[in-house]
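# Inside the fold
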Amino acid sequence: MSPDLPPVVPSVTAELVGALSPRLRKRLDAGVAKLAARPAVRDGDTVRIAVDDETDVVLHAPGWRVAGVDAIRCGCLLAPDCLHRAAAASAAPVADDTSGTEGAEDPETAAASRAAGAPETAEASQGREATTTGKAQGSNPASQAEPDTATDDQRAAARTVFDAAAAVLEAGTDGAGAVLQAELLRAAHSARLAGLPRASAAAVSVVTGVRAARSADAGYRLGDLADALAGVLGVAHRLPHATGPELTELRGSVRQPYRPDGSLRLYGLFSEPVLTATGYAGAVTWTAGADGRLYTVSDVAPGGPARAAGAADRAVRIGDTALTHRELSRAGLAVSGATVSPTGRLGAGAAVRAVRAAGAAWRGEPLDRLWAVPVAEQVARALDGGQDLLFLEVTLMGTVRETSGDCLLADCAGVPVRLARAHDSPSLPCRDNLRLLAAARGGRLRLVARLVPGPLPRALPLAIEHPSDPTARVDLGLDRLQHADLPTDAPAPAAAAVASGDEAPLHLLRRRVHQAVAGGRPVLSFSRSGSGDSTRLRRAGLVTAADLLDDLQASAAERSRDAFGRLLPADTDRFARAWLAAAVYTGVVERALCAHAWGASAAAVATPAGIPRI
């Protein structure tokens, strides 16, 4: 997936791949790899890729979005049904397959909302809110009451999504090439036409994750893709049987309208960079109202790490204010005629007025009350589908080594919290800042972090009090700390000795769930260690986990033969359902373990938000 190419809507990719002959389909993955390695030259809304000395592929992207098959042209002799057009669409990021509608958020807003609230793939996989630029063609108007049961078209679309996602799971990321991706994009488009934006968004997030895995994207996380697959399979499986409020949730919402919110007095909290797998970048600034409610202002557009690093110095797009995002994170804002989305994003309509106002220190009113909420209560709120920002006061304890690299260890009211970098891009200072903060061992600081659900207390620090000046703050993804910023009497960093959570019994099931995502059903069918893992799980009292693992292994290895003794195709439906049961169970237990580790009530978060029962 090349960030230099404009996003292409799913229906375009599906149509171009579907038009290929069987012979060209077999060559599509090689064509994608070849085209992705060629330089893309942008001239306004046009991108030109030189396939060779004589052939160019041209993408016309008004508004930096390819919305029709005719917008991708090729000069080769086989055009229009050539390999190059399909390869270009398959190599590009996936765009929202929608038409504009007044009052709805645009793709940049959707990217900002997801990045501001949670990692993009996780949010899309759970699909609590499919935020797009408008109503899906053929869906019911917002004012029209939807039926209490799924329609025949919706059931058929859900079945198509399930089958396409199951095929991706069957193949794993190693085998899910451009053809399987296109089938899932076709299913996503069908789901949107049937009025199922949540299933559509979840399917697109799976394709994005698969492409990131196959291209060795530095931001790819196997766990995120597993969550995305569980989300799309869970929604598609449950939707035909759901009624009432559950069905409404599973259908999702096409638009996220802004609502009037009167006059607001806001106080800057911090800014963070946005860098998504779908080719959007920028910054989001978080503010808080006098009542502690959080609001965001974002500047997100197509781009890469350079745009994410520089967006903080762009002017805030709200009212007539001349503040930059970096300035707003330390100052305040007085807004009249404010409009706010359900996620807390401030609108920038013509009637909105905003002027600079005085800010507030983290330890002063009204921001101080954000840190007054008990940590266990904050974690329970996040795990129950609420705001996932944590306001922590910690004592830095040095570094702790993990298989993925070192992270910062901090004590938070007796809870050892692992603080990992929020972004891996070398263009952002996250990694270097955490390394320097390890030298402030023993310092007690306030910080804002994003919760990472798991059996061990873990969070991604986004902003922190300045190590030597409590009245100042540091945006860890935008500001770069220097050695001179550290206290002069800080001891040398040391590796902290803490118990590793990698040997927790539940990891035996989680490993198989992730293994299937990466290698597909064949990897599990050839595995011989499942029985030993099941025994260990039962000895640890995780009987249900052991049963789920046995069923997963059995469904992977199960193959029938015809009357002549030839192997029949594997039952992808049975394997997908067995995998989904194991994935949902693992998520539920891990969230309960996470709540326990932070001292929150596990009962309040036993069922992950957005994951339907199976």
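Residues numbered from 1 in each chain as written. Predicted model: local features only at pLDDT ≥ 70, side-chain atom pairs only at ≥ 80, totals over all residues. Heavy atoms only, no water.

## Concerning the confidence of the model for the chain
Low pLDDT means the predicted coordinates in that region are not meant to be read closely. We count it as follows: Known as pLDDT, the predictor's per-residue confidence is scaled from 0 to 100. Contact criterion: two residues are considered in contact whenever any of their non-hydrogen atoms come within 4.5 Å of each other.
Model confidence for the chain is summarised by a mean pLDDT of 84, while 85% of its residues fall at 70 or above. Here residues 608-613 is a poorly scored stretch, pLDDT under 50, and it has 23 contacts once near neighbours within four places are set aside; other chains count.

## Digging into the pairing of strand 14 (residues 458-466)
Let me state the cut-off plainly: Working definition: with a 1.4 Å probe on protein chains only, accessible area under 20% of the residue-type maximum means buried, over 50% means exposed, and in between means partly exposed. The numbering of helices and of strands both runs from the N terminus, where a helix is a DSSP run of H or I of at least 4 residues and a strand a run of E of at least 2. The pairing criterion is simple: DSSP has to find at least two bridges between the two strands.
In terms of burial, strand 14 is largely enclosed, as 8 of its 9 residues are buried. Across 2 bridges, strand 12 (residues 415-419) lies against strand 14 in parallel orientation. Across the sheet, Arg418 pairs through a bridge with Arg458, a residue of strand 14. Pairing of strand 14 with strand 15 (residues 469-475) involves 4 bridges; the strand directions are antiparallel. Within strand 15, the residue paired with Glu465 across the bridge is Arg473. Hairpin connection, strand 14 to strand 15: the antiparallel pair is bridged by 2 residues.

## Notes on the sheet that holds strand 9 (residues 353-357)
Heads up, the condition is: Orientation is described by axes fitted as lines to C-alpha atoms, over the contacting stretch for helices, and by angles from 0 to 180 degrees between their N-to-C directions.
Taken in spatial order, the 5 strands make up an open sheet running 7-6-5-8-9, and their pairing is antiparallel. What marks the edges here is a single partner per strand, and that holds for strand 7 (294-302) and strand 9. Averaged over neighbouring strand pairs, the angle between their axes works out to 35° when direction is ignored. Pairing of strand 5 (residues 259-275) with strand 8 (residues 332-340), which is carried by 7 bridges, proceeds in the antiparallel orientation. Counterpart to Arg259 in the pairing with strand 8 is Val340.

## Points about the packing of helix 3 (residues 28-36) against helix 4 (residues 83-91)
We apply this condition: For this classification, under 35 degrees means roughly parallel, over 145 means roughly antiparallel, 65 to 115 means roughly perpendicular, and everything else is oblique. Each crossing is labelled by how the near helix is turned from the far one, with a counterclockwise turn of less than a right angle marking it left-handed and a clockwise turn marking it right-handed. When residues are sorted by character, Ala, Val, Leu, Ile, Met, Phe, Trp, Tyr, Cys and Pro go into the nonpolar class, Asp, Glu, Lys and Arg into the charged class, and all the rest, Gly among them, into the polar class.
At a minimum axis separation of 8 Å, helix 3 and helix 4 run at an interaxial angle of 70°. Relative to helix 4, helix 3 is oriented roughly perpendicular. Crossing of helix 3 over helix 4 shows right-handed handedness. Residue-level contacts link Leu28, Gly31, Val32 and Leu35 of helix 3 to Leu83, His84, Ala86, Ala87, Ala88, Ser90 and Ala91 of helix 4. Of the residues in the contact of helix 3 with helix 4, the class split is 8 nonpolar, 3 polar and no charged.

## A short note on the sheet that holds strand 2 (residues 46-50)
Judged by pairing direction, the sheet is antiparallel, and its 4 strands sit side by side in the order 1-2-3-4 without closing on themselves. Every interior strand has two partners, whereas the edge strands, strand 1 (40-43) and strand 4 (72-74), have only one. Direction aside, the axes of adjacent strands within the sheet are offset by 20° on average. With 3 bridges joining them, strand 3 (residues 56-60) and strand 4 adopt antiparallel strand pairing. By the bridge assignment for strand 4, Leu59 is matched with Ile72. Strands in contact with helix 4 are strand 3 and strand 4; relative to strand 4, the strand with the most contacts, it is inclined by about 140°.

## Things to note about helix 1 (residues 10-18)
Taking burial as the measure, the 9 residues of helix 1 include 7 buried ones, the bulk of the element. Those residues of helix 1 that fall on the buried side of the exposure criterion are Pro10, Ser11, Val12, Thr13, Ala14, Leu16 and Val17. In the core, the buried residues of helix 1 are packed alongside helix 2 (22-26), helix 3, strand 4, helix 4, helix 8 (178-193) and helix 9 (197-214).

## So, the pairing of strand 3
By the bridge criterion, 5 bridges tie strand 2 to strand 3 in an arrangement that is antiparallel. Paired with Thr46 across the strands is His60, a residue of strand 3.

## A few points about the pattern of salt bridges
Just so we agree on the cut-off: In what follows, salt bridge is the name for a side-chain nitrogen of Lys or Arg lying within 4 Å of a carboxyl oxygen of Asp or Glu.
By the definition in use, this model includes 37 salt bridges. A salt bridge links Arg221 to Asp424; its shortest N-O distance comes to 2.1 Å. Taken together, the positions of Arg221 in the loop between helix 9 and helix 10 (222-238) and Asp424 in the loop between strand 12 and helix 16 (430-437) put the pair 203 residues apart, joining distant regions of the chain. Measuring nitrogen to oxygen at the nearest pair gives 3.1 Å for the salt bridge that ties Asp533 to Arg511.

## Looking at the packing of aromatic side chains
The geometry of two aromatic rings is summed up by the distance between their centres and the angle between their planes. Going by this rule: Ring geometry is summarised as follows: Phe, Tyr and Trp rings, the Trp one being its six-membered ring, pair when their centres sit within 6.5 Å, and such pairs are stacked at plane angles under 30 degrees, edge-to-face over 60 and tilted between the two. Our definition puts a charge over a ring when NZ of Lys or CZ of Arg is within 6 Å of the ring centre and also within 35 degrees of the ring normal.
Throughout the structure, instances matching the rule amount to 3 aromatic pairs. Measuring from centroid to centroid gives 6.1 Å for Phe270 and Trp286, while their planes differ by 15°, and the two rings are stacked. Within this pair, whereas Phe270 is found in strand 5, its partner Trp286 is found in strand 6 (residues 280-289), the two being separated by 16 residues in sequence. A single burial state applies to Phe270 and to Trp286, both of which are buried. The structure contains a cluster of three or more aromatic residues connected by ring pairs, namely Trp362, Trp371 and Phe391. The ring of Trp64 has Arg42 lying over it, and the distance from NZ or CZ to the ring centre is 3.6 Å. Of note, Arg577 hangs over the ring of Phe162, and the distance from its end group to the ring centre comes to 5.1 Å.

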